[in-house]
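Examining the three-dimensional arrangement
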Amino acid sequence: ALSQTSSAHYTKFPEGFTFGVATAAYQIEGAWNVSGKSENVWDRLTHTRPDMIADGTNGDIACDSYNRYREDVEELAYLGVDFYRFSLSWARILPTGQVNYLNPDGIRYYNDLLEALEAKNIEPLVTLFHWDLPQSLQDLGGWANPKMIEYFRDYADVCFREFGDKIKSWITFNEPYEICEDAYGDEKKAPAVNSHGVGNYLCSDTLLKAHAEVYHLYNDTYRSKQNGKVMISINSIWYEPKDPENAEQVTLAEVANQFKFGWFAHPIFTEEGGYPSIMVENVARQSEAEGYPRPRLEQFDEYWIQRIKGTSDFLGINHYTTHLITGAGVDPVAKSPSWLKDIGALTTMEVGEESASEWLRVVPTGFANLLRWCKSSYNDPPIYITENGVSDRGTLQDYKRIQYFNDYLTEILNVIYEDGVNVLGYTAWTLMDNFEWRAGFSERFGLYYVDINDPALPRTPKLSAEYYRQLTNTRELPQDDRFKDPAVRKQ
Ligand SMILES: O=S(=O)(O)CCCN1CCN(CCO[C@@H]2O[C@H](CO)[C@@H](O)[C@H](O)[C@H]2O)CC1
């Protein structure tokens, strides 16, 4: 049954609460080298290291949304969403990575998409950077090179100028943790720089400064004319003590959440600003023990602490799952030096029902705990959930996805009505099955099924699409039997 996880039984969303779905350029567009788009780091990785992708697929074609975006917009209209979150391909707009040359086709493509959305009265929520860095900038060091602060600001300036009359809601970065830790530290995402414990922290310094400069650019130059909003989407695997009565596990869970979420949220959303002190202290201690002459992560100076503070109109949260802290120590898989070793805690994923993604178990109550923690840690910020969803292997009768949405949305209702957490909207990941990074198309998160073996790439609504359509229409959690797994109902 669509079980409840709280004593109360909330099903209605507050007036004005909005619903959307999300995608990202590299995961859906395809047309990787069409009409002037240049190579990005995911093109380079999938073409040179196909072994890194579970099923050997890539984003050369993906869902071919570059050509089929009108179908996508029809699907969005069918789902009844208030907004559509998608990302811009930097290499399609600025093929050299810099503003010396604007690719007219890139500008045309996004204006066509924006016009199609406007015709259906669907608001765009646009991410400037969702992992697909132009290779030309990676060749200069990418996010480990502070020059990227200017390159990113220049790119954002072009986007604000070219699209700012239609786009009123901007996200600078999608999941800074994944960009810095997985791409510049731990070889899990493009450009897979193997610099664990060093490159990841160089990346976060540059990325947070670049984010702040873009926020100030919008504030100083565009906000008065365009009246939009600028935010950042920070992701959390939420950490909880395996034994809530174990004081050491409770303390280490807080440390882990500061390293995971606080790494990027603390500099922006707290009165104090700067990296969390526990993070600076741990990395300094480890760095000294490892023989480094300086800490691998150094606190921002006073200028940048002030420059970065307050640079987001909302707190964007991407959340999927919860992992548990089992004790102190260095995780056996932790490299030296590394972010994981710097935390000094042992974790396990063994909690909640499995999905098709090894890292993603179903733990709805963790979401409520994360949201309450954000309310108290960041002075009760206005929050948008900018991603939430679950993977399977591609069934159309996706009862587990419906159960996941029901249970995670129930937790949002619980914290809104019981804790006064200021959640303003929700974005389901994702509109349609798409290129799931290193999992390729083997792990599917879509409300629509995409048959990648059919050149027409047909999109077929799953049962969860019907669920979401009813949710957006009534603004109430559907309780119909047709959304309940008959196998479960029989028991
Ligand atoms: O170590 S591996 O690489 O073998 C497996 C780890 C894979 N990561 C885990 C964390 N996840 C964060 C959420 O990532 C988000 O959620 C969606 C689902 O993942 C993505 O499709 C979105 O693009 C992304 O914003 C991204 C994928």
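One can find the structure itself at the top, above this paragraph.
Scope of this entry: the structure provided in the associated data block.

Parameters at a glance
Residues numbered from 1 in each chain as written. Predicted model: local features only at pLDDT ≥ 70, side-chain atom pairs only at ≥ 80, totals over all residues. Heavy atoms only, no water. Helix = DSSP H or I, 4+ residues; strand = E, 2+ residues; numbered from the N terminus. Rg over C-alpha atoms; globule rule 2.2 N^0.38 Å. Buried < 20%, exposed > 50% of the residue type's maximum accessible area, 1.4 Å probe, protein only. Contact = heavy atoms within 4.5 Å. Areas by Shrake-Rupley, 256 points an atom, 1.4 Å probe, with all protein chains shown as cover. Lys, Arg positive; Asp, Glu negative; His and termini not counted. Charge placed at Lys NZ, Arg CZ, Asp CG, Glu CD. Pairing = 2+ DSSP bridges. Expected span 1.5 Å × (residues − 1). Bend = angle between axes of the 7 residues up to and from the residue. Disulfide = S-S within 2.5 Å.

**Topic: the overall build of the chain**
- A tally of helices and strands in the chain yields 17 helices and 13 strands.
- Relative to the globule expectation of 23 Å for 491 residues, the C-alpha radius of gyration of the chain, 21 Å, shows essentially globular dimensions.
- Its C-alpha atoms put the chain at 60 × 60 × 50 Å along the principal axes.
- In the chain, which comprises 491 residues, the proportion classed as buried is 62%.
- If you take every contact in the chain between residues at least 6 apart in sequence, the share linking residues at least 24 apart comes to 76%.
- With the model as given, the accessible surface of the chain reaches about 17800 Å², and the carbon-plus-sulfur share is 49%.
- Between the averaged position of the 46 positive side-chain charges in the chain and that of its 72 negative side-chain charges there is a distance of 2 Å.

**Observations concerning the pairing of strand β11 (residues 423-429)**
- Counting buried residues along β11, six of its seven residues qualify, which places the element largely inside the surrounding structure.
- Across five bridges, strand β1 (residues 18-22) lies against β11 in parallel orientation. Counted as the bridge partner of Val21 is Ala428 from β11.
- Where strand β10 (residues 383-387) and β11 come together, three bridges link them in parallel fashion. Residue Tyr384 lies in a different strand from β11, and its bridge partner there is Gly425.

**A few points about the pairing of strand β5 (residues 229-241)**
- With 12 of 13 residues buried, β5 is to be regarded as a mostly interior element.
- The sheet contact formed by strand β4 (residues 169-174) and β5 spans four bridges and is parallel. Looking at β5, one finds that Asn174 is bridged to Ser233.
- Strand direction decides the pairing type here: β5 and strand β6 (residues 315-328), joined by nine bridges, are parallel. Its bridge partner being in β6, Ile232 is matched across the sheet by Leu315.

**Thoughts on helix α15 (residues 399-419)**
- For α15, with 21 residues, the first-to-last C-alpha span of 29 Å sits near the 30 Å given by 1.5 Å per residue.
- For α15, the tally of buried residues reaches 16 of 21 residues, placing the bulk of the element in the interior.
- The positive-phi residue at the C-terminal boundary of α15 is Gly420, with phi of around 65°.

**Digging into helix α9 (residues 199-226)**
- Remark: the principal bend of α9, roughly 50°, maps to Asp220.
- When you tally the buried positions in α9, you get 21 out of 28 residues, the bulk of the element.
- Looking one or two residues past α9, Asn227 carries a phi angle of roughly 55°, positive in sign.

**Things to note about the environment of Asp205**
- In this structure, Asp205 sits in helix α9.
- With a relative accessible area of 22%, Asp205 lands in the partly exposed category.
- Along the chain, Asp205 and Cys374 lie 169 residues apart, while their C-alpha atoms are 22 Å from each other.
- Residues in contact with Asp205, not counting those within four places in the same chain, are Tyr275, Leu297, Glu298 and Phe300.

**Details of the side chain of Glu75**
- Topologically, Glu75 is positioned in helix α3 (residues 65-79).
- Classification of Glu75 by relative accessible area gives buried; the value is 7%.
- Those residues in contact with Glu75 that lie beyond four places of it in its chain are Leu431, Met432, Tyr448 and Arg459.

**Some remarks on the state of the cysteines**
- For the coordinates displayed, the defined rule picks out one disulfide.
- Residue pairing for Cys180: its cysteine sulfur links by disulfide to Cys203, the two sulfurs lying 2.1 Å apart. A torsion of -70° about the S-S bond marks the disulfide between Cys180 and Cys203 as left-handed. Taken together, the residues Cys180 in helix α8 (residues 176-184) and Cys203 in helix α9 connect sequence positions 23 residues apart. Here the two residues Cys180 and Cys203 agree in accessibility, since each one is buried.
- No disulfide involves Cys159; its nearest neighbouring cysteine sulfur is the one of Cys203, lying 19 Å away.

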